[in-house]
Amino acid sequence: MIRPIMMRDLRRALGAGAALPVVFFLLVATLFPFAVGPDAQLLARTGCGVLWVASLLAALLPIDRLVAPDAESGVLDQLAARGISDEGIAAAKLVAHWLAFGPPLMLAALPGAALLDIGGVELGRLELGLALATPALAGLTLTVSALTAGLRGAAALGGLLVLPLAVPILIFGAATGNGEPGALKLLAAIALLITAGAPFAAGAALRALRD
Amino acid sequence: MTVGLRFEDAACLRGGRLLFEGVSFALAPGEAALVTGPNGVGKSSLLRMAAGLLKPAAGAIVAEGRIAWMGEAAALDAALPLGAALGFWARLEGADAAATAAAIDAMAISNLAPVPVRMLSTGQRKRAMIARAIASGAPIWLLDEPGNGLDTAALGLLADAIAAHRAAGGILLAATHQPLGLGETRTIALAPLPVDSLP
């Protein structure tokens, strides 16, 4: 039951706008050196943090197309009438959204790191951090998508809801990038908590959407 | 497994307003019931309750058997060809390709299979939604305004499909304003409650 839902979501995500967060991410990485100047040392020192902020903002872009279109078109009702649990639907959507968001973002971090003059070791830590953080970011985005589906200005409101919740990811993620001891473990812990909780939170939001 | 749909003293509360209360009926295999009443009386809500999409404010609803739900929204991916859009639901239910093809045939839309859903007319989309219910093989059909937007020929096909469904021991609960030509059916008439009725 879960697999066809996941495949459908993945196909829809890849068909419409999966490249958008990646392009946005690279755009930020391109603009930043223009703004602060070409000082290689300054860029290398701030680059990791910039890429983390860019990842966070890129995660916001798909908020209005993860849940709202399915709620409007009756797809969620059809799934619920077949007795599929809301948590199951949310889990399928989470996996599909991460597949369309996480790996492309990690790939985009390669040219992004080159643009900001980030070295090999730091890049390795950034990629490791993103591998842990992107499922959590996907989970936050999905949950807030489900919470704001059907509201006007859902994308803007969604941003206001996601960003505060993503602060721990940003703090521990950026600290991981700077090689601070223990940060990786804390990042892994907070990411696991958010990722594991997301299907339940998003599932509850989907249930509330029906009333 | 026995098939049945039962409402026991169900009440519906929407937005703080009581739409109906004390609705009780039971449908056995082969039986069909039409929910009638003026606009806004709660016909669609009653069907959503039967599908498990809404919880009754009081009473209980027992549905034994799989449900085919047809609401107002098409729930077909607009960008996909009709055949692929229906194919998603068939895969989800594990329905075999032959059953889906037969259902598409039964609603006379097999020529539309390669056409993207967004190009279809209201009536063609409605036919596809009925075809999905047929293909599901579910014993309980819950159809909200199944006749809306259908032409005379399609209304005939719908009546035939429902007759075949009932002959196979299926249950039908439909909300409708127009006669569907179904032969013997029960009627669940909802009447508006006074506006100020509060729980």
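Since this is a predicted model, take the numbers as computed values, not measurements.

Caption draft 1: Spotlight on the interface of chain B and chain A. With 19 residues of chain B at the interface, the matching set in chain A holds 19 residues. Here chain B and chain A share an interface that buries about 1,700 Å² over both sides, 57% of which is from carbon and sulfur atoms. Taken together, the connections running from chain B to chain A amount to 5 salt bridges. Two residues, R48(B) and D77(A), come together in a salt bridge whose shortest N-O distance is 3.0 Å. Linking chain B with chain A are 6 residue pairs in polar contact (both at pLDDT 80 or more), by the criterion used here.

Caption draft 2: Spotlight on helix 5 (residues 152–167) of chain B. Residue and element names in this part refer to chain B. Helix length check: helix 5 (16 residues) gives 23 Å between terminal C-alpha atoms against 22 Å at 1.5 Å per residue, within 8%. For helix 5, the set of buried residues is A154, L158, A159, A161, I162, H165 and R166. Taken down its axis, helix 5 places every buried residue within 165 degrees of arc, on the same side. The exposed set on the far side of helix 5, more than 90 degrees from its buried face, consists of T152, D160 and A167. Of the surrounding elements, those touching the buried residues of helix 5 are strand 3 (32–36), helix 4 (122–136), strand 6 (140–144) and strand 7 (171–175). Of the residues one or two after helix 5, G169 is the one with positive phi, at around 90 degrees.

Caption draft 3: Just the nonpolar core, in detail. I169(A), L76(B) and L82(B) are the most contacted members of the largest nonpolar core, which totals 103 residues. Apart from the residues lying within four places of it in its own chain, the contact partners of L76(B) are L82(B), A85(B), L86(B), W89(B), V117(B), R125(B), A128(B) and R132(B). Within the second largest apolar cluster, 30 residues are counted, among which are A80(A), V41(B), L47(B) and I67(B).

Caption draft 4: Spotlight on helix 1 (residues 2–15) of chain A. With 14 residues, helix 1 of chain A extends 20 Å from end C-alpha to end C-alpha; this agrees with the ideal 20 Å at 1.5 Å per step. Taken together, the buried positions of helix 1 of chain A are P4(A), I5(A), M6(A), R8(A), D9(A), L10(A) and A13(A). Structurally, helix 1 of chain A contributes buried residues whose contacts are with helix 4 (63–66), helix 5 (68–72), helix 6 (75–81) and helix 7 (86–115) of chain A together with helix 2 (82–93) of chain B. Immediately beyond the C-terminal end of helix 1 of chain A, within one or two residues, lies G17(A), with a positive phi of roughly 80 degrees.

What counts and how
- Residues numbered from 1 in each chain as written.
- Chains lettered and ligands numbered in written order.
- Predicted model: local features only at pLDDT ≥ 70, side-chain atom pairs only at ≥ 80, totals over all residues.
- Heavy atoms only, no water.
- Contact = heavy atoms within 4.5 Å.
- Buried area = accessible area lost by both parts, 1.4 Å probe.
- Salt bridge = Lys/Arg side-chain N within 4 Å of Asp/Glu carboxyl O.
- Polar contact = N/O pair within 3.5 Å; in protein donor to acceptor, adjacent residues only side chain to side chain.
- Helix = DSSP H or I, 4+ residues; strand = E, 2+ residues; numbered from the N terminus.
- Expected span 1.5 Å × (residues − 1).
- Buried < 20%, exposed > 50% of the residue type's maximum accessible area, 1.4 Å probe, protein only.
- Arc of directions from axis to C-beta.
- Core = buried A, V, L, I, M, F, W, Y, C linked by side-chain atoms within 4.5 Å.

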